[in-house]
Amino acid sequence: MEEKYLRRVVIMSLAGLLFGSLFYIFGLSIQSSIIPGLVNYVIALLLYISSFLVAYNNNKKTRISILVYIQFLAIFFILLTTVVTISQIL
């Protein structure tokens, strides 16, 4: 039972990172206005943060190295999207 739960946690957190990235890439592809890009940036940021929190909370219960890796991925994506958004605005 515990193995199925951890597998679901890993899949859901990776899916959050994937969907956040897809929303952000879609927002970058819209060049007509800055508003849709910022809205997609906020949606992507919320998905990244929720993926980080899922991995963090479950890492407190059971220490698994893949959850730490997912946390680092979420932080990396947050920093990367923030830098790219700031460079798009400026």
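See the structure above.
Attention here is on the structure that accompanies the text. As the structure is a computational prediction, the values presented were derived from the model and not from experiment.

### A few points about the overall build of the protein chain
Here is step 1 of the chain: Looking only at helices and strands, the protein chain has three helices and zero strands in total.
Here is step 2 of the chain: With respect to the principal axes defined by its C-alpha atoms, the protein chain has extents near 50 × 20 × 15 Å.
Here is step 3 of the chain: Within the protein chain, buried positions represent 28% of all 90 residues.
Here is step 4 of the chain: With the model as given, the accessible surface of the protein chain reaches about 6,200 Å², and the carbon-plus-sulfur share is 75%.

### Here we look at the packing of aromatic side chains
Here is step 1 of the chain: This model, assessed by the stated rule, comprises four aromatic pairs.
Here is step 2 of the chain: With a centroid separation of 5.9 Å and 55° between ring planes, the pair formed by Phe76 and Phe77 is classed as tilted.
Here is step 3 of the chain: The class for Phe76 is partly exposed, based on a relative accessible area of 48%.
Here is step 4 of the chain: Through pairs of rings, three or more aromatic residues link up here, namely Tyr48, Phe76 and Phe77.

### A look at the packing of helix H1 (residues 2-29) against helix H3 (residues 65-89)
Packed helices, taken two at a time, are described by their axes: the angle between them and the distance between them.
Here is step 1 of the chain: Put simply, H1 and H3 touch, their axes get as near as 11 Å, and they point 10° apart. Looking at the two axes, H1 sits roughly parallel to H3. Of the residues in H3, those in contact with Val9, Val10, Ser13, Leu14, Leu17, Ser21, Tyr24 and Leu28 of H1 are Ile66, Leu67, Ile70, Leu73, Ala74, Phe77, Thr81, Val84, Thr85 and Gln88.
Here is step 2 of the chain: Its residues assigned to classes, the contact of H1 with H3 shows 13 nonpolar, five polar and no charged.

### With respect to the pattern of salt bridges
Here is step 1 of the chain: Going through the model one piece at a time under the given rule, you end up with one salt bridge.
Here is step 2 of the chain: Between Arg7 and Glu3 there is a salt bridge, with its nearest N and O atoms 3.4 Å apart. Placement of both Arg7 and Glu3 in helix H1 is noted, with a separation of four residues, approximately one turn of the helix.

About the criteria used
Residues numbered from 1 in each chain as written. Predicted model: local features only at pLDDT ≥ 70, side-chain atom pairs only at ≥ 80, totals over all residues. Heavy atoms only, no water. Helix = DSSP H or I, 4+ residues; strand = E, 2+ residues; numbered from the N terminus. Buried < 20%, exposed > 50% of the residue type's maximum accessible area, 1.4 Å probe, protein only. Areas by Shrake-Rupley, 256 points an atom, 1.4 Å probe, with all protein chains shown as cover. Phe/Tyr/Trp six-rings, centres within 6.5 Å; stacked < 30°, edge-to-face > 60°. Axes fitted to C-alpha atoms, helices over the stretch in contact; angles between N-to-C directions. Parallel < 35°, antiparallel > 145°, perpendicular 65-115°, else oblique. Contact = heavy atoms within 4.5 Å. Nonpolar A, V, L, I, M, F, W, Y, C, P; charged D, E, K, R; others polar. Salt bridge = Lys/Arg side-chain N within 4 Å of Asp/Glu carboxyl O.

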